[in-house]
Amino acid sequence: MSESGDFGVRIAALHDGATTLRDNAAALGQHARRVGEYAFGIGRDEAGRNYSAQGIAVHQGFERAAACLRYWGAAASATAEVFDRAATEYARLDREHAAALTRVGR
């Protein structure tokens, strides 16, 4: 809000926020896939014979990181959907209230 006395909802800003969140969700999904694709093999084959336990731990760490990125992306996508629905509902209510006030003024 530009001034401390402003009250209102910026519908375009909600839609813009939703778009940004969707873009970020898509990027998170791409990164999750990349991390998952390069998750250090299955541990044993990349770390060497004497370091299989460490290799497995690294591999599992990559899997957890990829899962976190997927969850973060899903949450961003769901939040974007809520922002869009809220903006649409605010616009609908504004139209209805404006129409009702116009009828009262006649």
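Each remark here, short or long, concerns the structure printed above.
If you're wondering where the values come from, they're calculated on a predicted model, not measured in any experiment.

Peer 1: What is the right way to read the overall build of the chain from this model?
Peer 2: A tally of regular secondary structure across the chain gives three helices and zero strands. Each helix and strand of the chain, placed in order from N terminus to C terminus, yields the pattern α-α-α. In the chain, which comprises 106 residues, the proportion classed as buried is 18%. Approximately 7,900 Å² of the chain is accessible, and the part contributed by carbon and sulfur atoms is 57%.

Peer 1: Would you take a moment to explain the side chain of H59 for this structure?
Peer 2: Examined against the element boundaries, H59 turns out to sit in helix α3 (residues 52–104). With a relative accessible area of 13%, H59 lands in the buried category. A polar atom in the side chain of H59 sits 2.9 Å from the side chain of E63.

Peer 1: Is there a simple way to explain the packing of helix α1 (residues 11–37) against α3 in this structure?
Peer 2: In a packed pair of helices, the relevant descriptors are the angle between the two axes and the axis-to-axis distance. Where α1 meets α3, the axes come as close as 8 Å, and the angle between the chain directions of the two elements is 165°. Relative to α3, α1 is oriented roughly antiparallel. Crossing of α1 over α3 shows left-handed handedness. Of the residues contributing to the contact of α1 with α3, the split by class is 20 nonpolar, eight polar and five charged.

Peer 1: Mind showing me how you'd approach α1 here?
Peer 2: Because an α-helix completes one turn every 3.6 residues, residues spaced three or four positions apart along the sequence face the same direction. Here α1 is 27 residues long and its end C-alpha atoms lie 39 Å apart, about the 39 Å a rise of 1.5 Å per residue gives. Taken residue by residue, α1 has L14, A18, A25, L28, G29 and A32 as its buried positions. Buried residues belonging to α1 abut α3.

Reading the values: rules and limits
- Residues numbered from 1 in each chain as written.
- Predicted model: local features only at pLDDT ≥ 70, side-chain atom pairs only at ≥ 80, totals over all residues.
- Heavy atoms only, no water.
- Helix = DSSP H or I, 4+ residues; strand = E, 2+ residues; numbered from the N terminus.
- Buried < 20%, exposed > 50% of the residue type's maximum accessible area, 1.4 Å probe, protein only.
- Areas by Shrake-Rupley, 256 points an atom, 1.4 Å probe, with all protein chains shown as cover.
- Polar contact = N/O pair within 3.5 Å; in protein donor to acceptor, adjacent residues only side chain to side chain.
- Axes fitted to C-alpha atoms, helices over the stretch in contact; angles between N-to-C directions.
- Parallel < 35°, antiparallel > 145°, perpendicular 65-115°, else oblique.
- Left-handed = near helix turned anticlockwise from the far one by under 90°.
- Nonpolar A, V, L, I, M, F, W, Y, C, P; charged D, E, K, R; others polar.
- Expected span 1.5 Å × (residues − 1).
- Contact = heavy atoms within 4.5 Å.

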